[in-house]
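# A closer look at the structure
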Amino acid sequence: MRLTAVVYSTHIGNAFRQVWKVQQKRKILEYGVKEKLEAKGLQVVDAVEFLNLKRPVPSILPQLKSQPDEKLIDDFLVPKSLKKDHTHPDWHDEPGHVYHDHCWLFTGLHEAQHISKTFVSNNLPDRITSFKSKLPEEVHKQMQQAILNAHVLDALQVKLPKDIDIKRPGWNYPRVYGLPRWRRNVQLISKMFHTADSTLAGQNIDVTKQQFTSQIMIRAPLTLEGRPSVFEARQNTLVFGKKPLQPYLDGEVKAEQLSKPLPDIYPLNRTISLHGKNIYRMEHKFPVRQGAPFDRLTMGVFYINKPFIKTSGTQLEARLLLHAFTVAAAHAQQLYGKDVKDLPEPVTINCMQTDSRNFYFACFQLHSLDLDSSKATSNLFWIEDAQPMFTKCDYVDNQPVLEGYNPQVLETLMALYKSQMVAAAV
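Overview of the structure. If you're wondering where the values come from, they're calculated on a predicted model, not measured in any experiment. (Residues numbered from 1 in each chain as written. Predicted model: local features only at pLDDT ≥ 70, side-chain atom pairs only at ≥ 80, totals over all residues. Heavy atoms only, no water.)

## Considering the overall build of the chain
A tally of helices and strands in the chain yields 11 helices and 16 strands. The buried share among the 426 residues of the chain stands at 41%. Within the chain, counting contacts between residues at least 6 apart in sequence, those at least 24 apart form 76% of the total. (Helix = DSSP H or I, 4+ residues; strand = E, 2+ residues; numbered from the N terminus. Buried < 20%, exposed > 50% of the residue type's maximum accessible area, 1.4 Å probe, protein only. Contact = heavy atoms within 4.5 Å.)

## Remarks on the pairing of strand β7 (residues 210-224)
Bridging between β7 and strand β8 (residues 227-241) involves 14 bridges; their strand directions are antiparallel. Looking across to β8, one finds that Thr223 is bridged to Pro228. Between the end of β7 and the start of β8, which pair antiparallel, lie two residues, with Glu225 showing a positive phi angle near 55°. (Pairing = 2+ DSSP bridges.)

## Here's the deal with the packing of helix α5 (residues 109-116) against helix α10 (residues 315-336)
How two helices pack is summed up by the angle between their axes together with the distance between the axes. Contact geometry for α5 and α10: axes closest at 8 Å, N-to-C directions at 20°. Compared by their axis directions, α5 and α10 come out roughly parallel. In this structure, the crossing between α5 and α10 has a hand that is right-handed. Across the interface between the two elements, Leu109, Ala112, Gln113, Ile115 and Ser116 of α5 pack against Glu317, Ala318, Leu321, Leu322 and Phe325 of α10. The residue makeup of the contact of α5 with α10, split by class, is seven nonpolar, two polar and one charged. (Axes fitted to C-alpha atoms, helices over the stretch in contact; angles between N-to-C directions. Parallel < 35°, antiparallel > 145°, perpendicular 65-115°, else oblique. Left-handed = near helix turned anticlockwise from the far one by under 90°. Nonpolar A, V, L, I, M, F, W, Y, C, P; charged D, E, K, R; others polar.)

## Focus on the packing of aromatic side chains
Per the stated rule, a full pass over the model turns up 12 aromatic pairs. Judged by centre distance (6.3 Å) and plane angle (80°), the ring pair of Phe325 and Phe364 falls under edge-to-face. Here Phe325 is found in helix α10, whereas its partner Phe364 is found in strand β12 (residues 358-368), with 39 residues between them in sequence. According to the relative accessible area criterion, Phe325 is buried, its value standing at 0%. (Phe/Tyr/Trp six-rings, centres within 6.5 Å; stacked < 30°, edge-to-face > 60°.)

## Side note on the nonpolar core
Ile349, Phe364 and Leu366 are the most contacted members of the largest nonpolar core, which totals 48 residues. Elements with a minimum of two residues in this core: α5, β7, β8, β10 (296-303), α10, β11 (342-354), β12 and β13 (379-383). The leading source of residues in this core is α10, at 12 residues. In this structure Ile349 touches Leu245, Leu297, Thr298, Ala324, Val327, Ala328, Cys363 and Phe364, once residues within four positions along its chain are discounted. Counting residues in each nonpolar core, the second largest holds 44 residues, with Ile128, Val301, Met352 and Phe390 among its members. (Core = buried A, V, L, I, M, F, W, Y, C linked by side-chain atoms within 4.5 Å.)

## Looking at the pattern of salt bridges
Going through the model one piece at a time under the given rule, you end up with seven salt bridges. Note that Arg183 is salt-bridged to Asp154, the shortest N-O span being 2.8 Å. You can see Arg183 sitting in helix α8 (residues 181-201) and its partner Asp154 sitting in the loop between α7 (137-151) and β5 (158-159), a full 29 residues away along the chain. Owing to a relative accessible area of 25%, Arg183 belongs among the partly exposed residues under this scheme. Look at Asp154 and you get buried, because its relative accessible area is 14%. As a salt-bridge pair, Arg219 and Glu283 come within 3.0 Å of each other at their nearest N and O atoms. Within this pair, whereas Arg219 is found in strand β7, its partner Glu283 is found in the loop between β9 (276-279) and β10, the two being separated by 64 residues in sequence. Using a relative accessible area of 8% as the deciding quantity, one classes Arg219 as buried. (Salt bridge = Lys/Arg side-chain N within 4 Å of Asp/Glu carboxyl O.)

## Things to note about the pairing of strand β16 (residues 399-403)
Successive side chains on a regular strand alternate, one facing one side of the sheet and the next facing the other. Relative to β16, strand β15 (residues 392-396) is paired through five bridges, and the arrangement is antiparallel. Each bridged residue has a counterpart across the sheet, and for Asp394 the counterpart in β16 is Val401. Taken together, β15 and the strand that follows it, β16, pair antiparallel across an intervening segment of two residues, in which Asp397 is found at a positive phi of about 55°.

## Observations regarding the environment of Lys306
Considering the arrangement of structural elements, one finds Lys306 in the loop between β10 and α10. Between the C-alpha atoms of Lys306 and Trp182, which are 124 residues apart in sequence, the distance is 8.1 Å.

## Describing the packing of α7 against α8
At a minimum axis distance of 9 Å, the contact between α7 and α8 shows a crossing angle of 165°. Considering the angle they form, α7 stands roughly antiparallel to α8. Like other packed secondary-structure pairs, α7 and α8 cross with a definite hand, here right-handed. Mapping the contact onto sequence places Val139, Gln142, Met143, Ala146, Ile147, Ala150 and His151 in α7 and Arg184, Gln187, Leu188, Lys191, Met192, Thr195 and Thr199 in α8. In the contact of α7 with α8, the residues fall into seven nonpolar, five polar and two charged.

Coordinates in, geometry out; function isn't part of it.
In structure tokens:
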């Protein structure tokens, strides 16, 4: 092979690793500072002994006669981890069911229907679709720029989670740096609601009748199969208004939907994915107190921040259903009491779930919190299939590129958001 200048060049990665191999073996040079300090009567203490909390550290400061000769660090200053046994303050002798953000249902949406006793429809209510309309081209151009800002133009760079291929479990992918998913979700959702507010304000709609809260832990204590159960989830964004949303179904149509049986999951039990735990809190938690200026929940936005390894087609829909049920149950317990079963008035909320690319839109109508009743169903849930907002958003030849923008995502969000505004104005 002919030798050229390219062959003689050093690989920059190998050169960088060689520098680290040399630098990590550097020796500590002695300059005689310790001897000079000890000659002047100053005591030199080893840093390892000084930072070790398990042994007494001799004080190097002047001591008064009333003070002890040695300074001891008390044990109560060192944080201790709580043991997961009967000494834990939240320990219960009777194990209970706990649903949280990391729970994944084995059979997906059908299991979530049995847990929450909910009938599912594959389309959004007609009242939502009536508000759906085409938006101006300028609005979509602003949204496309927001997608680029949230996915490729943000300057934040962190070490991303490790890529895992199920078909190649032994393959070790290199760690890469980039934008985390939670950052993309926050940037994109905030810009989408800002675009919705500015568009509705141009249509003479008062957008000041909505209030947002973010990063809130919701907890609703219930009873499932005769055992205490806790439904808790972190709600990334909640929208509150002064008036509640009106039910999407009422009368004979609602009775017909609620009389339909739930899908069969035999031989599985509906709580197969909710493992029994002895450590839980049977307390109610909701961010807004009753009687506040904006105390009516109208919408919940849930993020998918963690890269899940494997999910079936309906597990993400089941997650959205139980998250919506959790926040609606906590809101109902705040309005009608913690022991309420059949609600005097249904609690209706709009829902959205996203991983910064795929969007799930849904509506939930809560009628009862009696999960052990003999009725066929008690609640209603409308959900559409996942809508991808784009097909590709990345750097191509060092240039940011956005391909396959889907305008239906923003228009669907506008329909949900506008229906809440109109309900608040009535």
